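Each chain, letter by letter, is given below.
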Amino acid sequence: MATKKVSFKITYVDGGTTKHICSRDSFSIKPAKYTMTPDTTPLIGGKNHQLDIKATTLYNNLLNGYTQTIKNTADFEAKLDLVIPPGCGLAPLSTKLTMPFSFSSGAINYTPFKYNNIGNVKLTITDKIWTGADQTHFNGKGYNDCIINSESNTHVGGKVGCNISTTKTFTFIPKDFSNTLTLRDFNNSTFTYISNVSDMSAFIDIVTTARLEDNTPATNYTANCFAKDINTTVTLLNNVPAAQWLTNDDNARNRILFFSGTDGTTTSESNATVATSTLSSDQSNFVNSIANLQINFNFQRSNTLVDEPFQIQKNDFNITITDNNITGSDFDRTTDVNTTFYYGRSHAPDQRFAGNVGNAAIYYEIYCKSCNKTDVNITGNESVDSIDWYTNP
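What comes next concerns the included structure. Note that this is a predicted model, so its numbers are computed, not measured. (Residues numbered from 1 in each chain as written. Predicted model: local features only at pLDDT ≥ 70, side-chain atom pairs only at ≥ 80, totals over all residues. Heavy atoms only, no water.)

**Description of the overall build of the protein**
- Within the protein, the secondary structure is distributed over 2 helices and 30 strands.
- For 393 residues, the compact-globule formula gives about 21 Å, and the C-alpha radius of gyration of the protein, at 36 Å, lies well above that figure.
- Each of the 393 residues in the protein was classed as buried or not, and the buried ones make up 43%.
- When contacts within the protein are restricted to residue pairs at least 6 apart in sequence, those whose partners lie at least 24 apart make up 67%.
- In the structure as shown, the protein presents an accessible area of about 20100 Å², 48% of it carried by carbon and sulfur atoms.
- Each charge class in the protein can be summarised by its mean position, and for the 31 positive and 36 negative side chains these summaries are 16 Å apart. (Helix = DSSP H or I, 4+ residues; strand = E, 2+ residues; numbered from the N terminus. Rg over C-alpha atoms; globule rule 2.2 N^0.38 Å. Buried < 20%, exposed > 50% of the residue type's maximum accessible area, 1.4 Å probe, protein only. Contact = heavy atoms within 4.5 Å. Areas by Shrake-Rupley, 256 points an atom, 1.4 Å probe, with all protein chains shown as cover. Lys, Arg positive; Asp, Glu negative; His and termini not counted. Charge placed at Lys NZ, Arg CZ, Asp CG, Glu CD.)

Pasting the structure below:
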């Protein structure tokens, strides 16, 4: 049992009479430590949690005599300190728990236990005056029966530390990732040529944000601090209508190709599943909770089977982003955008020259047999010697 002040009472028999005497030097019995157990793990940044705190012996046995109020004064303290990793540019930050909170019979269910960001956070609870009976500052005896400014439970010269103090590290993580997605044609133009290589690609641009419980940004989720490497899984959900394809034995899901982002923000890891790719991204892409990611994509091109122009919509895709602790699926689909794909060729029509030197005209041409040229933005003239082919100015 813990107590602030206790004395020995000695009982003895003197001449047949039972007598009692109390020691003149009172002393305290203190808890060895605090144990701290949250209601759940992992803890979510910005969320109200409950923390069960107990004053215990070295062997975690509850000391129900510890009834005390922590007020965050010079003698009582309960504070949270962000643990800054090496190489992280975040400034040190210390915050106090909401006070006061009171132990009753050695325990308290403290709520709300909350940290308004994410990261590894040390909680330190300290009580310096429970052992006042052993400190000259309080008892006026002129000497200390415990070691001032120490929480050690190891005896030194018959004394232990005056303080009760325990530090425990808790990890707070974001609630989820929130995503936006848009599409761009090659070179920010209005079309992309169908191609088997990543150098000719359209782009999926993703902005992902790590969020706290209240959906605000988890700004400590930043490079070299508390951001993690992530994996992005992208899937083409919908088939292009068969009427848009000349090669109807294939479809968009079978033919789509995903590539690492040209800007280096994503690296292709797996394309084993039809119409799906998993790409990795380093934690260095995150700045104050936000990462801008790019994925290149195109479609398999046959040298012998041509395609009508077709469009892929933003809402034809789905994405899932995870760092193995948190996940963000889907994206804001309110406004749809598309990319347009052309089956193109370079074509030199028959030409005659007088002599051995001449300037030959070579055209970029787009195939369109039954497409609506206005819908797919084909504005050039028909090929000079091939039907269903149009110049691409």
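Alright, that's what it looks like, and here's the rest.
**Things to note about the state of the cysteines**
- Here the structure, examined in full by the defined rule, presents 3 disulfides.
- Disulfide pairing places cysteine 88 opposite cysteine 225 at an S-S distance of 2.0 Å. As the torsion about the S-S bond is roughly 95°, the cysteine 88-cysteine 225 disulfide counts as right-handed. Residue cysteine 88 is located in the loop between strand E9 (76-82) and strand E10 (94-96), and its partner cysteine 225 is located in the loop between strand E17 (202-211) and strand E18 (230-236); the two are separated by 137 residues in the primary sequence. One exposure class covers both cysteine 88 and cysteine 225, and it is buried.
- Here cysteine 146 pairs with cysteine 162 through a disulfide, and the sulfurs are 2.0 Å apart. Between cysteine 146 and cysteine 162, the S-S torsion sits near 100°, and that sign places the bridge as right-handed. Here cysteine 146, found in the loop between helix H1 (136-139) and strand E14 (164-173), pairs with cysteine 162, found in the loop between H1 and E14; they are 16 residues apart in sequence, far enough to count as distant. Cysteine 162 shares its class with cysteine 146; the two are buried. (Disulfide = S-S within 2.5 Å.)

**Re the nonpolar core**
- One finds Ile53, Phe101, Phe113, Ile204, Phe297, Phe299 and Phe317 to be the most contacted residues of the largest nonpolar core, which totals 72 residues.
- Among the elements that take part in this core, strand E23 (residues 290-299) stands out by supplying 5 residues, more than any other.
- What phenylalanine 101 contacts, discounting residues up to four positions off in sequence, is Ile53, Gln68, Thr69, Ile70, Ala78, Ile108, Tyr110 and Ile125.
- One finds Tyr193, Cys368, Val376 and Tyr390 within the second-largest nonpolar core, a separate group that totals 10 residues. (Core = buried A, V, L, I, M, F, W, Y, C linked by side-chain atoms within 4.5 Å.)

**A short note on the sheet that holds strand E7 (residues 49-56)**
- Here 3 strands make up an open sheet; going across it, the order is E5-E7-E12 and the pairing antiparallel. What marks the edges here is a single partner per strand, and that holds for strand E5 (33-38) and strand E12 (107-113). Along the sheet, successive strands turn relative to each other by an average axial angle of 25°, direction set aside.
- When E7 meets E12, the two strands line up antiparallel, connected through 5 bridges. Bridge pairing links lysine 54 to alanine 107 in E12. (Pairing = 2+ DSSP bridges. Axes fitted to C-alpha atoms, helices over the stretch in contact; angles between N-to-C directions.)

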